[in-house]
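Survey of secondary and tertiary structure
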Amino acid sequence: MGLLELFILAVGLSMDAFAVSICKGLSLKKTTFKNSATAGIYFGGFQALMPFIGYMLGVNFQSFIENVDHWIAFVLLCVIGANMIREAGEAEECSSSMGVREMLPLAVATSIDALAVGVTFAFLKVDIIPAITLIGLTTFAFSAAGVKIGSVFGGKYKSAAERAGGIVLIIIGTKILLEHLGILL
């Protein structure tokens, strides 16, 4: 997986966190740098941690399923992407709290898909440290910006961001499958 492809994947994965950050920005009376940084740290941190955990799980089971790993990557990415697209229009209530009790469950919930992506990284033999660093930094940037965007523009872009992220994941999953089947070079 090349750097550009990895960056596009990182952007796709960050869209859930971006959408929640926009919602957070909507709920805050006034946004501050601290609010943006808090969202970025929680969401970026968990988006980096979860693929690492998935990667470690995948490495341990790789020998058992390496003949079908491209199908697993395809199915996981397509299911995650389709779910993001399906949930894009759903209304979401956001609390204005930026405390641990509010942010931790949101960070975990928005990064579950990254856990599955981490499993596919093991099958694809992706260099995990640069991958999770790029995913974490990309999500940090989108989440921090999302808080400010939410306070300025409202919920106008939330659904579009989630839909775009889902489409990106489906495209990457399809590309992985087609490459392994020898259809794409």
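Residues numbered from 1 in each chain as written. Predicted model: local features only at pLDDT ≥ 70, side-chain atom pairs only at ≥ 80, totals over all residues. Heavy atoms only, no water.

**Some words on the packing of helix H1 (residues 3–27) against helix H4 (residues 100–124)**
Let me state the cut-off plainly: Structural elements are reduced to axes, namely lines fitted to C-alpha atoms, with helices fitted over the stretch in contact, and the angle between N-to-C directions of any two is expressed from 0 to 180 degrees. Counting from the N terminus, the helices are DSSP H or I runs at least four residues long and the strands are E runs at least two residues long. Comment on the angle field: the value is read as roughly parallel under 35 degrees, roughly antiparallel over 145, roughly perpendicular from 65 to 115, and oblique elsewhere. If you view the pair so one helix is near and one far, a crossing is left-handed when the near helix is turned anticlockwise from the far one by less than a right angle, and right-handed when it is turned clockwise. Residues are treated as being in contact if the distance between any of their heavy atoms lies within 4.5 Å. Residues are grouped as follows: Ala, Val, Leu, Ile, Met, Phe, Trp, Tyr, Cys and Pro are nonpolar; Asp, Glu, Lys and Arg are charged; every other residue, Gly included, is polar.
It is the contact of H1 with H4, at a shortest axis distance of 11 Å, that shows an interaxial angle of 165°. Relative to H4, H1 is oriented roughly antiparallel. The hand of the H1/H4 crossing is right-handed. Packed against H1, whose contacting residues are Leu6, Leu9, Leu13, Asp16, Ala17, Val20 and Lys24, the element H4 presents Glu102, Met103, Leu106, Thr110, Asp113, Ala114, Val117 and Phe121 at the interface. Broken down by class, the residue content of the contact of H1 with H4 amounts to ten nonpolar, one polar and four charged.

**Structural notes on the environment of Ile170**
Stated formally: The cut-offs for exposure are 20% and 50% of the maximum accessible area for each residue type, with area from a 1.4 Å probe on protein chains only; residues under the lower value are buried, those over the upper are exposed, and the others partly exposed.
On the secondary structure map, Ile170 appears in helix H6 (residues 158–180). With a relative accessible area of 25%, Ile170 lands in the partly exposed category. Here Ile170 is in contact with Leu77, Cys78, Gly81, Ala82 and Ile85, once residues within four sequence places are set aside.

**So, the pattern of salt bridges**
This is how it is decided: Think of a salt bridge as a Lys or Arg side-chain nitrogen and an Asp or Glu carboxyl oxygen that are within 4 Å of each other.
Tallied over the entire structure, the rule returns three salt bridges. Between Lys175 and Glu179 there is a salt bridge, with the nearest N and O atoms lying 2.2 Å from each other. You can see Lys175 and its partner Glu179 sitting in helix H6, four residues apart, about one turn around the helix. Sharing partners across several salt bridges, the network here consists of Glu5, Lys175 and Glu179.

**Brief notes about a nonpolar patch on the surface**
Formally: Patch membership requires over 30% relative accessible area and the absence of a salt bridge. Like charges are linked within 9 Å, and nonpolar side chains (Val, Leu, Ile, Met, Phe, Trp, Tyr) within 5 Å. Residue exposure ignores everything except the shown protein chains as possible cover, and the areas themselves are Shrake-Rupley values with a 1.4 Å probe.
A contiguous nonpolar surface patch, about 500 Å² in accessible area, is contributed by Leu49, Ile53, Leu57, Phe61 and Phe64. Tracing the sequence through the fold places Leu49 in helix H2 (residues 33–65).

All we've got here are geometric facts, nothing functional implied.
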